[in-house]
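# Structural description and commentary
Read off the chains here:
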Amino acid sequence: LASMIPNSGSAYTYTYASIGEFFAWIIGWDLILEYLIGAASVAVSWGQYLEYFLNKASNGAITFDPNVSKAPIEWVEETSSFAMTGSSFNVPAFMIVIVLTIILASGVKLSAYVVNVLVVVKVIVVIMFIFGGAKYANGANLQPFSPYGGDGIFRGTVTVFFAYIGFDAVSTTSQEAANPQRDIPIGIIGSLTICTVLYISVCLVLSSLLPYTEIPVDASVPASLLKAGGPEWLTVILALGGLAGLTSVMMVSMIGQPRIFRAMAHDGLFPKAIAYIHPKTKVPVTTTLICGALTAVASGILPIEVLANLTSIGTLLAFLLSALAVIILRIREPERERPFKMPFGKIGGFFWPIATIAMIFLLFIKGQTSATGERVGIWLAIGLVFYFSFGFWWSKHRHPEKWPSDELPNGAAETTEVVSEKEVA
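Within any chain, residue numbers begin from 1 and follow the written order of that chain's sequence. Under the rules for a predicted model, residues below a pLDDT of 70 receive no local features and side-chain atom pairs below 80 are neither given nor counted, while totals for whole chains, interfaces and linings still include all residues. Values reported for side chains reflect all heavy atoms of the structure, with hydrogen atoms and water molecules removed beforehand.

## Here we look at the packing of aromatic side chains
Test applied: Only Phe, Tyr and Trp rings take part, Trp by its six-membered ring, and two of them pair if their centres are within 6.5 Å. Stacked means planes under 30 degrees apart, edge-to-face means over 60, and tilted covers everything else. For the purposes of this entry, the term helix denotes a DSSP run of H or I that reaches at least four residues, the term strand denotes a run of E that reaches at least two, and both are numbered from the N terminus. Accessibility here uses a 1.4 Å probe with only protein chains present; expressed as a share of the type maximum, an area under 20% marks a residue as buried, one over 50% as exposed, and anything in between as partly exposed.
Tallied over the full model, the rule gives 22 aromatic pairs. Centre to centre, the rings of Phe22 and Phe388 are 6.1 Å apart; their planes meet at 40°, and the pair counts as tilted. Residue Phe22 is found in helix 2 (residues 21-57), and its partner Phe388 is found in helix 13 (residues 370-394); the two are separated by 366 residues along the sequence. Here the aromatic rings of Trp25 and Trp29 are separated by 5.5 Å at their centres, their planes lie at 20°, and the arrangement is stacked. Linking Trp25 with Trp29, this pair stays in helix 2, spanning four residues, or about one helical turn. Comparing Trp25 with Trp29, the two get one shared label, buried.

## So, unusual backbone geometry
Note the cis peptide between Gln143 and Pro144, where omega equals -5°. Its location among the elements puts Pro144 in the loop between helix 4 (108-134) and helix 5 (149-160). You will see that Asn59, though not glycine, has its phi angle at about 55°, which is positive. The topology assignment puts Asn59 in the loop between helix 2 and strand 1 (73-76). Asn59 gets classed as exposed once you look at its relative accessible area, which sits at 72%. Located in the positive-phi region is Ala219, a residue other than glycine, with phi close to 45°. Take Ala219: it is sitting in the loop between helix 7 (180-209) and helix 8 (220-227).

## Side note on a nonpolar patch on the surface
Rules: For patch building, the residue pool is restricted to those with more than 30% relative accessible area and no salt bridge; the joining distance is 9 Å between like charges and 5 Å between nonpolar side chains (Val, Leu, Ile, Met, Phe, Trp, Tyr). Every accessible area reported is derived by Shrake-Rupley at a probe size of 1.4 Å, with residue values counting cover from the shown protein chains alone. What makes a salt bridge here is a side-chain nitrogen of Lys or Arg within 4 Å of a carboxyl oxygen of Asp or Glu, nothing more.
Judged by side-chain polarity, Phe344, Ile347, Phe351 and Trp352 come together as a nonpolar surface patch covering roughly 500 Å² of accessible area. For Phe344, a relative accessible area of 66% gives the class exposed.

As structure tokens, then:
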């Protein structure tokens, strides 16, 4: 889809082109939540790694005051309700989001350079953990392999599914790639393959270090290795690499979110001032600042458990509608040029998206909690109110007479800063 429809907007754009505006609004509104909450959840984890790194690097001299490093509320699973933690605000999570928002507003090329450096550091440290941690692994800790059975596997899959948000974020940069028909598939497939291998390897080693009930929740990778008898100097490096990795993840999420926001504004579903592109940096600066502010506030007040679950259900819904878009476009426009060819030709063009839809429905049924579903339902209800009070009446598709041209309100054309396939990947 990204190579066939090379526009910013990701699943929103694909849904608009295949199913129509109403469903496109639903997925676009959902994607805003997905990216916002996804970046916020990673920011919370980033604060945990920062505290661990500074504490170990200073031999315990530096510790964070829980009053300013923890969320003021927490989710209690047993009672299915929120409770106050006694903390005031998560300052480290809030500050890292503000810093990254400033960097992202400075331009795509600077952002891509920073992400590339962080990714190199992250991959090196991940490989260090895989090989360094394997020395302290104990196969007995993998038993029982599935302590919570099939339901536990589904629940865990839904919880961590937001790790795949980065591959969706790559497609949001289609309009800024030099050769999207070639660059975007390379970026998505290449990063998906590498990340999957590394992700499984890290999980296997981490689960082998300690019994699953003893794995620390905060900064789990370096803390688990230290608890298993690993050298402290290595855990300090791992914590530093964790900071780099989490920072790159936040940046990818925060790059994608404003572009979806802007794509919706360009279609008339949000006020057209939101679609403003800065003449020098060539980035959607208004949406970048708005999304950065919302993400910073969310990371400062919400616990990571709630944030992660909200992000995952949003990611699942985006992938569901993207798969449905593939099928609909196959039926409506069978002769349309498709730069990326699916395995097994036309049969594969239907089989793979249908299989994807079936697996996503299974995850929705088996792995999602009612509380998370209710929160997403409330978010979607708010979105529908906004759509029928504004977007429905100002949509370029429904009311072209209200728009003198298809250009942005500041006069900027649909061009944004071009990045190469290496920067996209």
